[in-house]
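One letter stands for each residue in the lines below.
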Amino acid sequence: MEDTPETRKEGLFITYKGKEYQYNEDVINFLCLGIDNSTPVEQANEIKGQGLADAIILVSINVESGKIKILAIPRDTYVPVKVYDENGKFLIEKNMQLTLQYYYGKTAEDSCELMVNAVSNLLFKVPIQRYCAINLEAIPILNDAIGGVDIQVLEDVEVGGKPYHAGDTIHLQGKMAEDYIRDRNTDQFASSMGRLERQKQYMTNYFATSMAQVKNDLTLPVSIYQSLQGNMYANISVEDITYLVPEMLDVSLTADDMSMIPGEVKQPDEHEAYMVNSEQLKELVVNFFYVEVL
């Protein structure tokens, strides 16, 4: 795309209901991706059939106010996906599930950049400054680094080969965390939405537990970051983490701080698709990321 004053303005300003809004530059957006494979992230795109973005979460940190917001994006959200051949040659842009966009990168960096562009376009060109993709092997590492996570089961689910029911309390350790946030009944319509609610719940509980641990050991985030090498690809640096940790010590994350893009699950063909309500999404984007130009 040609770099002009108009294209540079995209994402920094938005018009909604006759009013102009400017992007809040105190907000840093992190796109967090959970990739549905167990191989080292750098190799994910060398193996046919792997490298789908199973979890797509946008984490927004306001460094001025110290507030954090999380926007969950269903993996099956229907968006224009850029399709490439095995040599990295662009073929076509086609409306498909967002999860597929990660697959079409030739490298982990390409895949992350493609996902950043797709999510930004979905959110009316909102700037996304940082990204992080982790594979399945990273989940137990993250979970156990803070001593595990307690959750109250939201729906019937199988964890560690054992069935649990709504209302049960579990202390997630090791692969149990992966099971809890990934298990779903593929024969049940829209079961991915229940899984997304569990992912949101897990993130809330993980954040609370990790912040309690970090207050006792400010070096913990950097240690976790370093332990994920090979199972993570990110443009987040140790310097970024070192800067943000003190800013977030007094931040809390509740269910009110977590939203999902508005829409509904439909089945236009053999695969489910999450169809976005564009008008409601624009209102959410304005409230999340922008301030009115007075």
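Notes on the structure follow.

1. Brief notes about the overall build of the protein
Right, on to step 1. Along the backbone of the protein there are eight helices and 17 strands.
Right, on to step 2. Seen through its principal axes, the protein has C-alpha atoms that stretch 55 × 45 × 35 Å.
Right, on to step 3. Partitioning the contacts of the protein with sequence separation of at least 6, the portion at a separation of at least 24 is 61%.
Right, on to step 4. In the form shown here, the protein has an accessible surface area of approximately 14,800 Å², with 49% of it arising from carbon and sulfur atoms.
Right, on to step 5. Seen as two clouds, the 24 positive and the 45 negative side-chain charges of the protein have centres 4 Å apart.

2. Let's talk about the packing of helix α3 (residues 138-145) against helix α4 (residues 175-182)
Right, on to step 1. Close contact between α3 and α4 brings their axes to 7 Å; oriented N to C, the two are set at 115°. As far as their axial angle goes, α4 and α3 are roughly perpendicular. The chirality of how α3 crosses α4 is right-handed. On the side of α3, the interface is formed by I139, P140 and N143, while α4 contributes K175, A177, E178 and I181.
Right, on to step 2. Partitioning the contact of α3 with α4 into residue classes produces four nonpolar, one polar and two charged.

3. Digging into the sheet that holds strand β3 (residues 27-35)
Right, on to step 1. Read across the open sheet, the six strands follow the order β13-β8-β3-β4-β5-β14; overall the sheet is mixed. Of all the strands in the sheet, the pair left with one neighbour each is β13 (232-234) and β14 (258-260). In this sheet, neighbouring strand axes are inclined to one another by 20° on average, regardless of whether the strands run parallel or antiparallel.
Right, on to step 2. On the sheet, helix α8 (residues 278-289) packs against β3, β4 (53-62), β5 (68-72) and β14 and is oriented at approximately 160° with respect to β5.

Here is what the cut-offs are and how they apply
- Residues numbered from 1 in each chain as written.
- Predicted model: local features only at pLDDT ≥ 70, side-chain atom pairs only at ≥ 80, totals over all residues.
- Heavy atoms only, no water.
- Helix = DSSP H or I, 4+ residues; strand = E, 2+ residues; numbered from the N terminus.
- Contact = heavy atoms within 4.5 Å.
- Areas by Shrake-Rupley, 256 points an atom, 1.4 Å probe, with all protein chains shown as cover.
- Lys, Arg positive; Asp, Glu negative; His and termini not counted.
- Charge placed at Lys NZ, Arg CZ, Asp CG, Glu CD.
- Axes fitted to C-alpha atoms, helices over the stretch in contact; angles between N-to-C directions.
- Parallel < 35°, antiparallel > 145°, perpendicular 65-115°, else oblique.
- Left-handed = near helix turned anticlockwise from the far one by under 90°.
- Nonpolar A, V, L, I, M, F, W, Y, C, P; charged D, E, K, R; others polar.
- Pairing = 2+ DSSP bridges.

Everything listed here is a matter of geometry and, on its own, says nothing about what the molecule does.
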